[in-house]
Amino acid sequence: MKKMILVAGPYRSGTNDDPEKIAANVQQMADVALQLFERGYLPMLGEWVALPLLETAGSTGLGDPVFNQIFHPVAIDLLAHCDAVLRIGGPSQGADEMVTQGRTLGKAVFTALDEIRFA
């Protein structure tokens, strides 16, 4: 079975909530996810689950109550099913929270693709 790795990077951080900059952040995480997949891992982004849920739940904008109820909690729940966290990108309170949660859950934490090793 493939090891599942949560890619944690900036989503809103440094974007001033500009949709194009947020999309670029998600694309950067997706690009890394593809590299993980090509190396034989099963990548996961919290955004892949949270964003469709936010739309369906009627979120009206970043940081609204629906967003806060779903966005980070979904990633934390996904993390429980992952084998590791790969922290990428620049400053991000949310990505740092995934690292903290990962360590609390006893998951491996990596900061570069080349670091990824499992016993």
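This text goes with the structure placed above it.
For the structure given in this document, a descriptive report is provided here. This one's a predicted model, so the numbers in the text were calculated from it and none came from an experiment. Residue indices follow the written sequence of each chain, beginning from 1 at its first position. A pLDDT threshold of at least 70 governs which residues receive local features in this predicted model, and a stricter bar of 80 or more applies before side-chain atom pairs are shown or counted, although totals over entire chains, interfaces and linings include all residues. The side-chain figures draw on all heavy atoms in the structure; neither hydrogens nor water molecules are used.

### So, the environment of Q28
Line of reasoning, step 1. Note on placement: Q28 falls in helix 1 (residues 19–38).
Line of reasoning, step 2. Exposure is judged per residue with a 1.4 Å probe applied to protein chains only, and the accessible area is read against the type maximum: over 50% gives exposed, under 20% gives buried, and values in between give partly exposed. Residue classification places Q28 among the partly exposed positions, given a relative accessible area of 37%.
Line of reasoning, step 3. Any two residues having at least one pair of non-hydrogen atoms within 4.5 Å are treated as being in contact. In contact with Q28, other than residues within four places in its own chain, are I88 and G89. In this description a helix means any DSSP run of H or I spanning at least four residues, a strand means any run of E spanning at least two, and both kinds are numbered starting from the N terminus.

### Concerning the pairing of strand 1 (residues 4–8)
Line of reasoning, step 1. When you tally the buried positions in strand 1, you get 5 out of 5 residues, the bulk of the element.
Line of reasoning, step 2. Here strand 1 shows no split at all, with M4, L6 and A8 on one side and I5 and V7 on the other all buried.
Line of reasoning, step 3. One bridge is not enough; two strands pair if DSSP finds at least two bridges between them. Here strand 1 runs beside strand 2 (residues 42–44); their pairing, made up of 3 bridges, is parallel. When the sheet's bridge partners are listed, M4 is paired in strand 2 with L42.
Line of reasoning, step 4. Here, the term right-handed applies to a crossover whose path from the first strand over the helix to the second runs clockwise when the strands point away from the viewer. Taking the sense of rotation as the criterion, the β-α-β connection linking strand 1, helix 1 and strand 2 turns out right-handed.

### Regarding the packing of helix 2 (residues 46–57) against helix 3 (residues 65–79)
Line of reasoning, step 1. Each axis is a line fitted through C-alpha atoms, and for a helix only the stretch in contact is used; angles between axes span 0 to 180 degrees, taken between their N-to-C directions. With their axes 9 Å apart at the nearest point, helix 2 and helix 3 run at an angle of 150 degrees to one another. Classed by the angle they form, the pair helix 2 and helix 3 counts as roughly antiparallel. Crossing hand, helix 2 versus helix 3: right-handed. Counted together, G46, E47, V49, A50, L51, L53, L54 and A57 of helix 2 and V66, F67, I70, F71, V74, A75 and L78 of helix 3 form the full contact between these two elements.
Line of reasoning, step 2. Of the residues in the contact of helix 2 with helix 3, the class split is 13 nonpolar, 1 polar and 1 charged. If an angle is under 35 degrees, it is roughly parallel; if it is over 145, roughly antiparallel; if it lies from 65 to 115, roughly perpendicular; otherwise it is oblique. Crossing handedness follows the turn of the near helix against the far one: under a right angle anticlockwise gives a left-handed crossing, and clockwise gives a right-handed one. The classification used treats Ala, Val, Leu, Ile, Met, Phe, Trp, Tyr, Cys and Pro as nonpolar, Asp, Glu, Lys and Arg as charged, and all other residues, Gly among them, as polar.

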